[in-house]
Amino acid sequence: MSYTSEVLERVVAQNPDQTLFIQAVKEVLETLSPAIERNEKVYRQNALLERLTTPDRQILFRVAWVDDQGIARVNNGYRIQFNNAIGPYKGGLRLHPSVNLSTLKFLGFEQIFKNSLTGLPIGGAKGGSDFDPKGKSDREVMAFCQSFMSELYKYIGADVDVPAGDIGTGAREIGYMYGAYKKLTGLYEGVLTGKGLSYGGSLARTEATGYGLLYLTKCMLEANGSGLDGKKVVVSGAGNVATYAIQKTWQLGGIPVTCCDSTGWIYDPEGIDVALLKEVKEVRRARLTEYAAERPSAVYHAGTHSEGGVWSVPCDVALPCATQNELDLNDAKMLVANGCKAVAEGANMPTTIEATKYFQENGILFCPGKAANAGGVATSALEMTQNSERLSWTFDEVDSKLQGIMANIFTNVNETAKEFGMAGNYVAGANIAGFLKVANAMEAQGIL
Ligand code: NDP
């Protein structure tokens, strides 16, 4: 049995109920074989893959808080510090009822490779809670965030572990958490990213994941003799990543025609109105029905997969930007049948393994999230640099660094795929390129 198969068996045996974590490990290990074969004896002897697939540390804690009715509530808090071979732990905090150990281990594992691909010195981590900020008052969100940080602060720090936002954790939540950290430690340091601009945040961080996704998509299309100009783009999600992916699609000459939230989806043949989308989702925190009510060209469908969902809309490019496993084999078949030529993942692991294989077998350009959505964490690392320097860069400075980083990621992924005999397989290119840097650092630092 190959070394990667042995390690996958070990992960399955040790984490039997953690399906998302197993899926993420499987997707990576299946593509690493050519890189492992070049150095298998040493990797085996040093149990490199066993160590890489086992988190450095898993922190689980109780988060007790009091709601507006005076009732005490309890949620689970987590921080998975997965690997710090190339830099301090870095990765977002997800606040969503679906959060469990498996979700956060999958996200933390992915984060190791993504952070490596940015070329910046950041290790992999992820955290969060099953707390749902939806429908909670500001005071309730603050009470939760303060309680969450009253435990988490013991394990993080500007040179130790720097959490950021993710689903359910936006500027409001980061603000409350940062205030709590400062109060508990007395330190004014860049311990969280995604902060407000008045207290250490970076310009362009809000836009970075969506913008970066489009910069990379443009590189991928151009490397294959095409471009974004006039292209019809189908986007899922209506949150941070989707909104700025839609905005940058317009700016680069494409036409974004869909978006969705967890209750329904919109097809707008005239193209999504970004200002209205932001007003509905960022300001009013409302449902997409409100977008449809104010936009005559938009058609609203209740239910995320009703009448085929966003992936049934004919397009040139598809950008899944909502959540994991939102694009399955049936969706992939619809996209290919309707003429889609390229898919780039804005969300983390939104495409199932079967759907990914179907795209690759049918000649669709496919870029995985760990490369395509790395602009967010890369800009978070730029926020850390600005905090260390006690400086603030302009929007254009940050945006131009982001463009350079995304172009470098694509070149690295593309060249690595070629070097290992899999030209055009950007999944393999991303996994191998991300892996090699971390593996080299782990080897150099000894068996830990
Ligand atoms: P947000 O919470 O801002 O937005 C998520 C959006 O997806 C919301 O509109 C949500 O709907 C929708 N959604 C959630 N679940 C479903 C579902 N099952 N079907 C359809 N729509 C759904 O999160 P982000 O935009 O920050 O994150 C989106 C993805 O991108 C995640 O996978 C995240 O890990 C990843 N990512 C985010 C980065 C960032 O910088 N923010 C960086 C890199 C990756 P509703 O409005 O109803 O909640």
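Computed from a predicted structure; not experimentally measured. (Residues numbered from 1 in each chain as written. Predicted model: local features only at pLDDT ≥ 70, side-chain atom pairs only at ≥ 80, totals over all residues. Heavy atoms only, no water.)

Caption draft 1: Main features of the layout of surface pockets. Its volume calculated, the second largest pocket comes out at about 450 Å³. In this structure, the second largest pocket is lined by 25 residues; those nearest its centre are Met 384, Thr 385, Gln 386, Asn 387 and Ser 388. Residue contributions to the lining of the second largest pocket peak at 7 residues, all from helix 15 (residues 375-389). Here the lining of the second largest pocket is composed, by residue class, of 13 nonpolar, 8 polar and 4 charged. (1 Å grid on protein atoms, 1.4 Å probe; cavity = no way out; pocket = protein on both sides within 12 Å on 5 of 7 lines; lining within 4 Å. Points joined across faces, edges and corners; volume = space filled by probe spheres on them. Helix = DSSP H or I, 4+ residues; strand = E, 2+ residues; numbered from the N terminus. Nonpolar A, V, L, I, M, F, W, Y, C, P; charged D, E, K, R; others polar.)

Caption draft 2: Spotlight on the pattern of salt bridges. All chains considered together, the criterion is met by 26 salt bridges. We note a salt bridge from Arg 73 to Asp 67, for which the minimum N-O separation is 3.0 Å. The partly exposed category is assigned to Arg 73, whose relative accessible area is 35%. For Asp 67, a relative accessible area of 5% corresponds to the buried category. Taken together, the shared-partner salt bridges connect Glu 279, Arg 284, Glu 290 and Glu 294 into one network. (Salt bridge = Lys/Arg side-chain N within 4 Å of Asp/Glu carboxyl O. Buried < 20%, exposed > 50% of the residue type's maximum accessible area, 1.4 Å probe, protein only.)

Caption draft 3: Here's a closer look at the site of the ligand. Lining the immediate environment of the ligand, one finds 26 residues, of which Lys 134, Asp 166, Thr 209, Ser 262 and Arg 287 sit closest. Between Gly 168 and the ligand, the recorded distance is 3.5 Å, taken from a backbone N or O atom to an oxygen atom. Taking Gly 239, its main chain carries an N or O atom lying 3.4 Å from an oxygen atom of the ligand. Calculation on the ligand without its partners gives an accessible area of 880 Å², and the protein chains cover 84% of this total. Among the secondary structure elements, those contributing two or more residues to the shell around the ligand are helix 8 (205-223) and helix 9 (240-251). Grouping the constituent residues of the shell around the ligand by class yields 7 nonpolar, 11 polar and 8 charged. Residue-level mapping places the shell around the ligand at the junction of two domains, with at least three residues from each of domain 1 (55-195) and domain 2 (208-372). (Near = heavy atom within 4 Å. Polar contact = N/O pair within 3.5 Å; in protein donor to acceptor, adjacent residues only side chain to side chain. Areas by Shrake-Rupley, 256 points an atom, 1.4 Å probe, with all protein chains shown as cover. Domains from an automatic or database assignment.)

Caption draft 4: Summary view of the sheet that holds strand 2 (residues 72-83). Spatial strand order, 1-2-4-3-5: 5 strands in an open sheet with mixed pairing. Each having just a single partner strand, strand 1 (57-66) and strand 5 (161-164) make up the two edges of the open sheet. With strand direction ignored, the average angle separating the axes of adjacent strands in the sheet is 20°. Across 6 bridges, the pairing between strand 2 and strand 4 (residues 123-129) is antiparallel. Within strand 4, the position partnered with Gln 81 by the bridge is Ala 125. (Pairing = 2+ DSSP bridges. Axes fitted to C-alpha atoms, helices over the stretch in contact; angles between N-to-C directions.)

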